[in-house]
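# Report on the structure
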Amino acid sequence: MSHSHHHAHGHGHSHGHGDVFHSHAPIGKMKQAFFLSFIILAVEVVGGLISHSLALLSDAGHVLTDIAAIGLSWYAMKQSLKAPSEGYTFGYHRSGILAAFINAVSLILIAFVILWEAIQRFQSPQEVGSTWMFIGAGVGLVMNLYLGLGLSKEDNVNVKSAVLHMLGDAAASAGVIVGGIVIHFTGWYVVDPILSVLIAFLIAYGAIGLVRDTIRILMEATPKDVDLKKVAEAIQGVEGVRGVHDLHVWSITSGKNALCCHVTLDGTATIGGSQAMLREIEHRLLHLGIGHCTVQMEDDGHPHAKTMLCDGSEPAHDHHHARVAETAHGHAH
């Protein structure tokens, strides 16, 4: 079996593909977001208590979940930097996916809590208003937008889950401000729960997409940006390769794709020739966003299913071993 991921570390071809394998998570930014969120929480709690604003206090509740989500993401990022061990040979990259999954599920629960609060307020609208309500919500809005937009370009599912928390909270703060302005001029208190319902749907919509993405990774699904047929064609296009089977492509974590497969050769290649083929396969896979690959090279005589995908049935060589054992047993008698 030929095992390779040397391209992944950036000293293969000079095409600037080094970062296919390494995703640099912004740990410093997450640390900053974690501590700044405590300031938002303090301002909103004080503002809510002084102004008796239920909307602002519930917004402070969202900030508390932000702190938990950012803290979880920050911890997961630090975990993912740990070196692989004998117990965890792929390292701790999946800790970020687990954190994102927990964050996304918590966001859906938060959306239900907001909806429940909104229903209560439709039945008995709360009187809201006061300068402190605007100050508290204003601080929450500005700081969450600053943090959320600063991290929004990161292509990391763990960071995205934390960003959704921040932007969801910014939307809630904006809702509190807009609702407060409308109520101040019209006295129409029902604006508050209407905005809450819209915010809840906004949060839930983003969170459901995140749950789907994290489940795909946890279920070892083929990454969305990888076309399995193109991968097979790229491997089969290498001179000397007759076919590919037992093909698996999955994500270790977001942006870190891995592959393993069996490749059938024509049987005439030397060891040196097969290594040249292997390097060409790796190079082609790198262009398809796969930086970590394990390729098993075989000849036509190797027992295997003829399909590209493994169907999970008992491999042919197991039957072969059983027949050999039976024959040996017969000769013994």
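Residue positions are given per chain, counting from 1 as you read along its sequence in written order. Side-chain atom pairs in this predicted model are given and counted only at pLDDT of 80 or more, local residue features only at pLDDT of at least 70, and totals for whole chains, interfaces and linings cover all residues. Side-chain figures throughout are based on the complete set of non-hydrogen atoms in the structure, without hydrogens or water.

Quick look at the confidence of the model for the protein chain now. Every residue carries a pLDDT, the predictor's confidence in it, which falls somewhere between 0 and 100. Predicted confidence across the protein chain gives a mean pLDDT of 78, with 82% of residues reaching 70 or more. We count a stretch as a helix when DSSP gives it H or I for four or more residues in a row; a strand needs E for two or more, and each element gets its number in order from the N terminus. Here helix 9 (residues 316-332) stands out as the least confident element of the protein chain, with mean pLDDT 47; helix 7 (residues 228-236) is the most confident, with 92. We call two residues contacting when some pair of their heavy atoms lies within 4.5 Å. For residues 4-24, every residue scores under 50 in pLDDT, and the model assigns this stretch 39 contacts once sequence neighbours within four places are set aside. Here residues 316-329 is a poorly scored stretch, pLDDT under 50, and it has 4 contacts once near neighbours within four places are set aside; other chains count.

Residues spaced three or four apart along an α-helix point in a common direction, a consequence of the helix completing one turn every 3.6 residues. Only protein chains enter the area calculation, which uses a 1.4 Å probe; residues under 20% of their type maximum are buried, those over 50% are exposed, and those in between are partly exposed. All of the buried residues along helix 7 are Leu228, Val231, Ala232, Ala234 and Ile235. When helix 7 is viewed along its axis, its buried side chains cluster within an angular range of 160° and face the same direction. Among the exposed residues of helix 7, those pointing more than 90 degrees away from its buried face are Lys229, Lys230 and Glu233. Residues of helix 7 that are buried in the fold lie against strand 2 (241-253), strand 3 (256-265) and helix 8 (271-287). One side-chain oxygen of the residue at the start of helix 7 lies 3.0 Å from the amide nitrogen of Lys229, identifying that residue as Asp227. This arc corresponds to the set of directions leading from the helix axis out to the C-beta atoms. For the purposes of these results, a polar contact is taken to be a pair of N or O atoms within 3.5 Å, where, inside protein, one atom must be able to donate a hydrogen and its partner to accept one; residues adjacent in sequence count only when each atom of the pair is a side-chain atom.

Our next topic: helix 4 (residues 131-151). For helix 4, spanning 21 residues, the distance from its first C-alpha to its last is 30 Å, which sits close to the expected 30 Å at 1.5 Å a residue. Listed as buried for helix 4 are Met133, Gly136, Ala137, Gly140, Met143, Asn144, Leu147, Gly148 and Leu151. Here the buried residues of helix 4 occupy an arc of 145° about the axis, which is enough to place them on one side. Along helix 4, exposed side chains directed more than 90 degrees from the buried face belong to Thr131, Val142, Tyr146 and Leu149. Every helix has an expected span of 1.5 Å times one less than the residues it contains.

With 21 residues, the main nonpolar core has Ile235, Leu247, Leu259 and Val263 as its most contacted residues. Elements that contribute at least two residues to this core include exactly helix 7, strand 2, strand 3, helix 8 and strand 4 (292-298). Not counting chain neighbours up to four residues away, the residues in contact with Val263 comprise Ile235, Val241, Gly243, Val244, Ile281, Val295, Gln296, Met297 and Glu298. Among the nonpolar cores identified, the runner-up in size contains 19 residues, and Ala33, Leu36, Met77 and Met143 belong to it. The term nonpolar core refers to a set of buried residues drawn from Ala, Val, Leu, Ile, Met, Phe, Trp, Tyr and Cys, joined through side-chain atoms within 4.5 Å.

Relative orientation and spacing of two packed helices are given, respectively, by the angle between their axes and the distance between those axes. What counts as an axis is a line fitted to C-alpha atoms, over the stretch in contact for a helix, and the angles between N-to-C directions run from 0 to 180 degrees. It is the contact of helix 5 (residues 157-186) with helix 6 (residues 191-218), at a shortest axis distance of 9 Å, that shows an interaxial angle of 170°. With respect to helix 6, the axis of helix 5 lies roughly antiparallel. Across the interface between the two elements, Val157, Lys160, Ser161, Leu164, Gly168, Ala171, Ala172, Gly175, Val178, Gly179, Val182 and Ile183 from helix 5 touch Val191, Asp192, Leu195, Ile199, Leu202, Ile203, Gly206, Ala207, Leu210, Asp213 and Thr214 from helix 6. All residues other than Ala, Val, Leu, Ile, Met, Phe, Trp, Tyr, Cys, Pro, Asp, Glu, Lys and Arg, Gly among them, are scored as polar; the first ten of these are nonpolar and the last four charged. Taken together, the residues that form the contact of helix 5 with helix 6 break down as 14 nonpolar, 6 polar and 3 charged. Orientation labels follow simple angle bins: below 35 degrees gives roughly parallel, above 145 gives roughly antiparallel, 65 to 115 gives roughly perpendicular, and whatever is left gives oblique.

Our focus in this paragraph is the pattern of salt bridges. Note on definitions: salt bridges are taken to be side-chain nitrogens of Lys or Arg within 4 Å of carboxyl oxygens of Asp or Glu. According to the stated counting rule, one finds 3 salt bridges in the structure shown. For the salt bridge of Glu220 with Arg94, the shortest nitrogen-to-oxygen distance reads 2.6 Å. Here the residue Glu220 occupies a position in the loop between helix 6 and helix 7, and Arg94 occupies one in helix 3 (residues 94-123), the gap between them amounting to 126 residues. In this structure Glu220 comes out as partly exposed when scored by relative accessible area, which is 41%.

Between helix 4 and helix 5, the shortest axis-to-axis distance is 8 Å and the interhelical angle comes to 150°. Taken as axis vectors, helix 4 and helix 5 run roughly antiparallel relative to one another. Crossing hand, helix 4 versus helix 5: left-handed. Where helix 4 approaches helix 5, its residues Met133, Phe134, Ala137, Gly138, Gly140, Leu141, Asn144, Leu145, Leu147, Gly148, Leu149 and Leu151 are matched on the opposing element by Val159, Val163, Met166, Leu167, Asp169, Ala170, Ser173, Ala174, Val176, Ile177, Gly180 and Ile181. The class makeup of the residues in the contact of helix 4 with helix 5 is 17 nonpolar, 6 polar and 1 charged. Crossings are assigned a handedness: left-handed for a near helix turned anticlockwise from the far helix by less than a right angle, right-handed for a clockwise turn.

It is worth spelling out the pairing of strand 3 at this point. With 9 of its 10 residues buried, strand 3 lies for the most part within the structure. Between the antiparallel neighbours strand 2 and strand 3 lie 2 residues, among them Gly255 with a positive phi of about 80°. One bridge is not enough; two strands pair if DSSP finds at least two bridges between them. Direction of pairing for strand 3 relative to strand 4: parallel, over a ladder of 7 bridges. Bridging from a neighbouring strand, His262 pairs with Gln296 of strand 4. A clockwise path from the first strand over the helix to the second, with the strands pointing away from the viewer, defines a right-handed crossover. As for the winding sense of the linkage, the β-α-β connection from strand 3 through helix 8 to strand 4 is right-handed.

Stacked, edge-to-face and tilted labels apply to pairs of Phe, Tyr and Trp rings (six-membered ring for Trp) whose centres lie within 6.5 Å, assigned for plane angles under 30 degrees, over 60, and everything in between, in that order. By the definition in use, this model includes 6 aromatic pairs. Ring centres 5.4 Å apart and planes at 50° place the aromatic pair Phe34 and Trp74 in the tilted group. Note that Phe34 is positioned in helix 1 (residues 27-51) and Trp74 in helix 2 (residues 54-80), a separation of 40 residues in sequence. One exposure class covers both Phe34 and Trp74, and it is buried. Since its relative accessible area comes to 16%, Trp74 is described here as buried. In this structure an aromatic cluster arises from ring pairing among Phe34, Phe35, Phe38 and Trp74.

This part takes up unusual backbone geometry. Positive phi values are uncommon outside glycine, yet Glu220 reaches one of about 60°. Phi angles above zero are rare outside glycine, and Asp246 is one such case at about 50°.

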